[in-house]
Amino acid sequence: MGLMSLLFVACEDNDDTASQYMATPAPLEVPALFVDKILPPVIPEDNPQTVEGIALGKKLFFDTRLSADNTLACASCHIPQEGFSDSRPFSIGITGEEGFRNSMPLQNLAFNYGEKFNWDGSANSLENQMFEPVKNPIEMANTWLNVEATLQSSSDYPELFEAAFGTQTIDSTLVTKAMSQFVRTLISANSRFDQAQLGLIELSPQEQNGLNVFLDETRGDCFHCHGLPANPLWTDNAFHNNGLDAQFNDLGLGNVTGDPREFGLFRTPSLRNLKFTAPYMHDGRFATLDEVIDHYSEGLVFSETIDPLMKTISEGGVQLTDSDKADLKAFLLSLSDDSFINNPDFRE
């Protein structure tokens, strides 16, 4: 079958079928910057990383056949050169209808320890998150039964699934497992700031002062949600109301839990790769990083569930000087990783 790279461990059961199978292990390479700073990656016991699984997941991620009319792939809304996000405020589904949230960047998701995915935490694992877009009527508008039949009848997928999972029978669970393996490899850890942390370069004076603004509770006061430099994820992966609206068209986490105390709370996005991932916020309302900084400086809006960390709400924000705004922006852009968006392993 030409699968010499595979390791088979088979125990025959009464039906003479293989009850155990293993593809070529491919443990995630944890960046040196992450070691001893954060916990190991979250890898489900029933979906270990393998060479064959990752390759299959990559192929599926870029395959438009997952959509009902063969026009839309995962990569259509999570675009590699845009930090695996979308430069449109809302992605467009196969019917031409807009979604209602901005496409979240895909990076370092293997280190989301709370395993609450999407802006509203509606998926409790990366594998579960993969199920929704295929069947969402304003995204791929397909059915999993149709996807399974399409892939099963293809000339190449049955053998690829056999190589990855030991079976040519394709189902939605294996599709989402493979794609999750690929997405877990999307690790970003080579920004200018990362290089400075490793002693390879020095930050510019402007970037350094921007970091000071970020950490200063009387100026930027950004670190409570996005973390200290010791946290290379630059997010707490928790949920906050950051003072965008007085009333909510989108309840966020509260729409999932039904708890009024969680209305308007959304998952903290990472600050990595901001150079590539505009527009910003869950609804893509801010086209530029300058607008984001202005929001926290003088644009905070009170609501009943606003996070206590927005403690300058009575003044409308932290009231940064123009100089501090410019320096903070320079620091935030130093967290962008050009090698990540240009990595051939992450491209079609």
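Only a predicted model underlies this, so the values are computations on that prediction, with no experimental measurement involved.

Q: Give me the overall build of the protein chain: which residues, what numbers.
A: A count of helices and strands for the protein chain gives 13 helices and 2 strands. Along the first, second and third principal axes, the C-alpha atoms of the protein chain reach 70 × 45 × 30 Å. For the protein chain, the proportion of its 348 residues judged to be buried stands at 51%. Partitioning the contacts of the protein chain with sequence separation of at least 6, the portion at a separation of at least 24 is 65%. Just so you have it, the protein chain exposes about 16100 Å², and 54% of that area is on carbon and sulfur atoms. Computed over 21 positive and 51 negative side-chain charges, the separation of the two mean positions in the protein chain equals 4 Å.

Q: An account of the confidence of the model for the protein chain is needed here, citing residue identities and associated values.
A: Here the protein chain shows a mean pLDDT of 94. Residues at 70 or above account for 95%. Across residues 1–18 the pLDDT falls below 50, and counting only partners more than four positions away or on other chains, this stretch makes 24 contacts in the model.

Q: Could you give an account of helix H6 (residues 172–184), naming the residues involved and the relevant values?
A: The end-to-end C-alpha distance of H6 is 18 Å, a good match for the 18 Å that 13 residues give at a rise of 1.5 Å each. With 12 of its 13 residues buried, H6 lies for the most part within the structure. Here H6 has its buried residues at Ser-172, Leu-174, Val-175, Thr-176, Lys-177, Ala-178, Met-179, Ser-180, Gln-181, Phe-182, Val-183 and Arg-184. Structurally, H6 contributes buried residues whose contacts are with helix H1 (51–61), helix H2 (74–77), helix H3 (126–135), helix H4 (144–152) and helix H5 (157–165). If you check the start of H6, you find a side-chain oxygen 3.2 Å away from the backbone N of Thr-173, and it comes from Asp-171.

Q: Can you tell me about unusual backbone geometry, naming the residues and giving the values?
A: Residue Pro-279 is bonded to the preceding Ala-278 through a cis peptide linkage, with omega at 0°. With respect to the helices and strands, Pro-279 occurs in the loop between strand E2 (266–267) and helix H11 (289–298). Positive phi values are uncommon outside glycine, yet Asn-108 reaches one of about 55°. A relative accessible area of 7% means that Asn-108 is categorised as buried. Even without being a glycine, Gln-319 presents a positive backbone phi close to 55°. With relative accessibility at 44%, the residue Gln-319 sits in the partly exposed group.

Q: Give me the lowdown on the side chain of Ser-270, citing residues and values where you can.
A: In this structure, Ser-270 sits in the loop between E2 and H11. Within the structure, Ser-270 has its side chain in polar contact with the backbone oxygen of Leu-233 (distance 2.8 Å). A distance of 3.1 Å separates a polar atom in the side chain of Ser-270 from the backbone nitrogen of Arg-272. Not counting residues up to four positions away in its chain, the partners in contact with Ser-270 are Gln-107, Leu-233, Trp-234 and Thr-235.

Q: Give me the lowdown on the pattern of salt bridges, citing residues and values where you can.
A: In total, this model carries 20 salt bridges according to the counting rule given. Between Lys-177 and Asp-46 there is a salt bridge, and its shortest N-O distance comes to 3.8 Å. Of the two residues, Lys-177 is situated in helix H6 and Asp-46 in the segment before H1; the sequence distance between them amounts to 131 residues. On the accessibility criterion, Lys-177 (16% relative accessible area) is buried. A salt bridge links Arg-88 to Asp-86, with the nearest nitrogen and oxygen atoms 2.7 Å apart. Through salt bridges with shared partners, one network takes in Arg-101, Asp-120 and Asp-250.

Q: Before we move on, can you summarise the environment of Leu-228 with the specific residues and values?
A: Inspection of the secondary structure puts Leu-228 in the loop between helix H9 (223–226) and strand E1 (239–240). Residue Leu-228 is classed as partly exposed on the basis of its relative accessible area, which comes to 44%. Taking the C-alpha atoms as reference points, Leu-228 and Leu-211, 17 residues apart in sequence, are found 9.7 Å from one another. Apart from residues no more than four positions distant in its own chain, Leu-228 is found in contact with Leu-215, Phe-223 and Trp-234.

The rules behind these values
Residues numbered from 1 in each chain as written. Predicted model: local features only at pLDDT ≥ 70, side-chain atom pairs only at ≥ 80, totals over all residues. Heavy atoms only, no water. Helix = DSSP H or I, 4+ residues; strand = E, 2+ residues; numbered from the N terminus. Buried < 20%, exposed > 50% of the residue type's maximum accessible area, 1.4 Å probe, protein only. Contact = heavy atoms within 4.5 Å. Areas by Shrake-Rupley, 256 points an atom, 1.4 Å probe, with all protein chains shown as cover. Lys, Arg positive; Asp, Glu negative; His and termini not counted. Charge placed at Lys NZ, Arg CZ, Asp CG, Glu CD. pLDDT = per-residue confidence, 0-100. Expected span 1.5 Å × (residues − 1). Polar contact = N/O pair within 3.5 Å; in protein donor to acceptor, adjacent residues only side chain to side chain. Salt bridge = Lys/Arg side-chain N within 4 Å of Asp/Glu carboxyl O.

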